[in-house]
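Commentary on secondary and tertiary structure
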Amino acid sequence: MSTTVTAEQFLATSIELATANVLNSGGPFGAVIVTADGRAFEGVNRVTATNDPTAHAEVTAIRNACRELGTFDLSGATLYTSCEPCPMCLASALWARVDRVFFAADRHDAASVGFDDAVFYEYFENDNRDALMPVAKLELGDPQAPAALQPFTTWNTLDSRIDY
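A quick note: this is a predicted structure, and the numbers were derived from the prediction, not measured.

Right, let's talk about the packing of aromatic side chains for a bit. For any pair of aromatic rings, the description consists of the separation of the ring centres together with the inter-plane angle of the planes. This model, assessed by the stated rule, comprises five aromatic pairs. With a centroid separation of 5.3 Å and 25° between ring planes, the pair formed by Phe10 and Tyr80 is classed as stacked. Here Phe10 is found in helix H1 (residues 7-22), whereas its partner Tyr80 is found in strand E3 (residues 78-83), with 70 residues between them in sequence. Consider the rings of Tyr80 and Phe102, whose centres lie 5.7 Å apart with planes at 20°: the pair is stacked. With Tyr80 in strand E3 and Phe102 in strand E4 (residues 100-105), the pair connects residues that are 22 residues apart, well separated along the chain. Tyr80 gets classed as buried once you look at its relative accessible area, which sits at 8%. Taking relative accessible area as the criterion, Phe102 reaches 38% and is therefore assigned partly exposed. Three or more aromatic residues link up through ring pairs in this structure, and these residues are Phe10, Tyr80 and Phe102.

See the structure below:
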């Protein structure tokens, strides 16, 4: 008898986590990160429970996996999530070098119950994104030796840096 857990089972676990989290003062989102060697790490949405807007299930699962594994690189891992990841969660998965993502409900399902992320998806596609949140470069100090470059200059000269 095989004890191999299938992709469908990991996805079902993410849904179970999400459902249980609703009853524990959390949002209806759950996620599981599975490493290439089969280790699984869970996460649930704790945004309102912890007043942390970044505590989405996917981000929480990534944080848990990285902390437990002692790495910031989840290459080879798969993210299973109860709902289509928002742009922040997708970016987090990209930064963590997750190989692939599978989700159950989509963004439209989430929007139908009040979790509408459309404005965030549209932000990156919209030429008028400043209407939502202006983002602009502000020059500091001498243009010939901009203060903004000091962290990068220091980084490039540091022998003990850990590239990522």
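This next bit is on the pairing of strand E1 (residues 30-34). Burial of E1 is extensive: five of the five residues sit out of reach of the surface. Here E1 shows a buried face lined by Gly30, Val32 and Val34 and a second buried face lined by Ala31 and Ile33. Note that E1 and strand E2 (residues 40-44) share five bridges and pair antiparallel. Paired with Ala31 across the two strands is Gly43, which belongs to E2. Linking two consecutive strands that pair antiparallel, namely E1 and E2, is a turn of five residues; a positive phi of about 95° is found at Gly38 within it. With four bridges connecting them, E1 and E3 associate as antiparallel partners. Within E3, the position partnered with Val32 by the bridge is Tyr80.

Glancing now at the pattern of salt bridges. Applying the stated criterion to the full structure yields five salt bridges. Residue Asp52 pairs with Arg63 through a salt bridge whose shortest N-O separation is 3.8 Å. Within this pair, whereas Asp52 is found in the loop between helix H2 (47-50) and helix H3 (57-69), its partner Arg63 is found in helix H3, the two being separated by 11 residues in sequence. Note on Arg63: relative accessible area 37%, which makes it partly exposed. The closest approach of N and O atoms between Glu68 and Arg67, which form a salt bridge, is 4.0 Å. A single burial state applies to Glu68 and to Arg67, both of which are exposed.

Taking strand neighbours across the sheet as the criterion, the four strands line up as E2-E1-E3-E4 in an open arrangement whose pairing is mixed. Two strands lie at the open edges of the sheet, namely E2 and E4, each paired on one side alone. Here the average twist between neighbouring strands, direction ignored, is 15°. Here H3 sits on the sheet and contacts E1, E2 and E3; the angle it forms with E2, its principal contact strand, is near 140°.

Counting across every chain of the model gives zero disulfides. Of the cysteine sulfurs around Cys86, a residue in no disulfide, the closest is that of Cys89, at 3.7 Å.

Turning next to the nonpolar core. Ile33, Ile62, Leu74, Leu79 and Val98 are the most contacted members of the largest nonpolar core, which totals 17 residues. With five residues, H3 is the largest single contributor of residues to this core. Once residues lying within four places of it in the same chain are set aside, the contact partners of Leu79 are Ala31, Val32, Ile33, Glu58, Ala93, Val98, Arg100, Val101 and Phe102. By size, the runner-up hydrophobic cluster in this structure holds seven residues, among which are Phe10, Leu11, Leu17 and Val32.

Conventions used here
- Residue positions within a chain follow its written sequence, with the count starting from 1.
- Two thresholds apply to this predicted model, a pLDDT of at least 70 for residue-level local features and 80 or more for giving and counting side-chain atom pairs, whereas whole-chain, interface and lining totals are computed over all residues.
- In computing side-chain properties, one takes all heavy atoms of the structure into account and sets aside hydrogens as well as water.
- Note on aromatic contacts: the rings of Phe and Tyr and the six-membered ring of Trp form a pair at centre separations within 6.5 Å, being stacked when their planes are under 30 degrees apart, edge-to-face when over 60 apart, and tilted otherwise.
- Labels follow the DSSP assignment, with helices taken as runs of H or I lasting at least four residues and strands as runs of E lasting at least two, numbered in each case from the N terminus.
- In this scheme, a residue with accessible area under 20% of its type's maximum is buried, one over 50% is exposed, and one in between is partly exposed, where area comes from a 1.4 Å probe on protein chains only.
- Pairing between two strands is assigned when DSSP locates at least 2 bridges connecting them.
- The salt bridge definition used is simple: a Lys or Arg side-chain nitrogen within 4 Å of an Asp or Glu carboxyl oxygen.
- Axis geometry follows a simple rule: fit a line to the C-alpha atoms, using only the stretch in contact for helices, then measure angles between N-to-C directions, giving values from 0 to 180 degrees.
- Every residue pair with non-hydrogen atoms within 4.5 Å of one another is taken to be in contact.
- Our working definition of a disulfide is a cysteine sulfur pair at a distance within 2.5 Å.
- Here the nonpolar core consists of buried residues drawn from Ala, Val, Leu, Ile, Met, Phe, Trp, Tyr and Cys, with membership extended through side-chain atoms lying within 4.5 Å.

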